Amino acid sequence: MRTYRYLEDVVTLECDLEKCIGCAMCTVVCPHAVFRIEKKKAVMEHRNLCMECGACMQNCPTGAITVEAGEGCVRGIINELLGIEGPCC
Ligand code: SF4
Ligand code: SF4
């Protein structure tokens, strides 16, 4: 997978561990492998790689994940089509 470079600490992704049941669905659906499971809880290992697509939030069975799905994904796709390197959100 091509590696994108994102701005640090601007992503809106949050995970409420009180609600997390460790089902690992977020690790399955995330295209950037942001999550991993540790001790039956989701860990945001690569939070800055999140492109705010919203797939994890839509598929989390307990509503533990919140993210403001924005334009980061769209901009990343357009940049890739145009051959532009660099931050995409
Ligand atoms: S999908 Fe939700 S409940 Fe399942 S591991 Fe991820 S955060 Fe936890
Ligand atoms: S919003 Fe998309 S990229 Fe970000 S953690 Fe969820 S599935 Fe992964």
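Here's a quick rundown of the structure. (Residues numbered from 1 in each chain as written. Chains lettered and ligands numbered in written order. Predicted model: local features only at pLDDT ≥ 70, side-chain atom pairs only at ≥ 80, totals over all residues.)

1. Focus on the overall build of the chain
Counting its secondary structure elements, the chain contains three helices and four strands. The order of α-helices and β-strands along the chain, N terminus first, is β-α-β-β-α-β-α. Per-residue burial over the chain gives 25% buried out of 89 residues. Counted over contacts in the chain with a minimum sequence separation of 6, partners at least 24 positions apart contribute 50%. (Helix = DSSP H or I, 4+ residues; strand = E, 2+ residues; numbered from the N terminus. Buried ≥ 20, exposed ≤ 12 C-beta atoms within 10 Å, placed from the backbone. Contact = placed C-beta atoms within 7 Å.)

2. Some remarks on the environment of Val28
Looking at the element boundaries, Val28 is found in helix α1 (residues 25-29). Sequence separation between Val28 and Ala55 is 27 residues; the distance between their C-alpha atoms is 9.8 Å.

3. As for the pairing of strand β3 (residues 41-44)
Bridge count for strand β2 (residues 35-38) against β3 is four bridges, and the pairing is antiparallel. The residue of β3 that forms the bridge with Ile37 is Ala42. What sits between β2 and β3 in their antiparallel hairpin is a turn of two residues, with Lys39 showing a positive phi close to 50°. (Pairing = 2+ DSSP bridges.)

4. Considerations on the site of ligand 1
The environment of ligand 1 is made up of 14 residues, and the closest members are Cys20, Cys23, Cys26, Ala42 and Cys60. Grouping the amino acids of the shell around ligand 1 by side-chain chemistry returns 12 nonpolar, two polar and no charged. (Near = placed C-beta within 6 Å. Nonpolar A, V, L, I, M, F, W, Y, C, P; charged D, E, K, R; others polar.)

5. Notes on the environment of Pro61
Within the fold, Pro61 resides in the loop between α2 (55-59) and β4 (65-66). Not counting residues within four places of it along the chain, the set of residues in contact with Pro61 comprises Cys23 and Met25.

6. Some words on the environment of Glu8
Within the fold, Glu8 resides in the segment before β1 (14-15). Using a count of 9 C-beta atoms within 10 Å as the deciding quantity, one classes Glu8 as exposed. Sequence spacing of Glu8 and Leu49 is 41 residues, and the spatial spacing of their C-alpha atoms is 9.0 Å.

7. A short note on the site of ligand 2
Neighbouring residues of ligand 2: 14 residues in total, closest Cys30, Val34, Cys50, Cys53 and Cys56. Each residue belonging to the shell around ligand 2 can be placed in one class, and the counts come to 11 nonpolar, two polar and one charged.

8. Points about the nonpolar core
Cys26, Phe35, Cys50, Cys56, Cys60 and Ile65 are the most contacted members of the largest nonpolar core, which totals 17 residues. Those residues in contact with Cys50 that sit more than four places away from it in its chain are Val11, Leu13, His32, Val34 and Val67. (Core = buried A, V, L, I, M, F, W, Y, C linked by C-beta atoms within 7 Å.)

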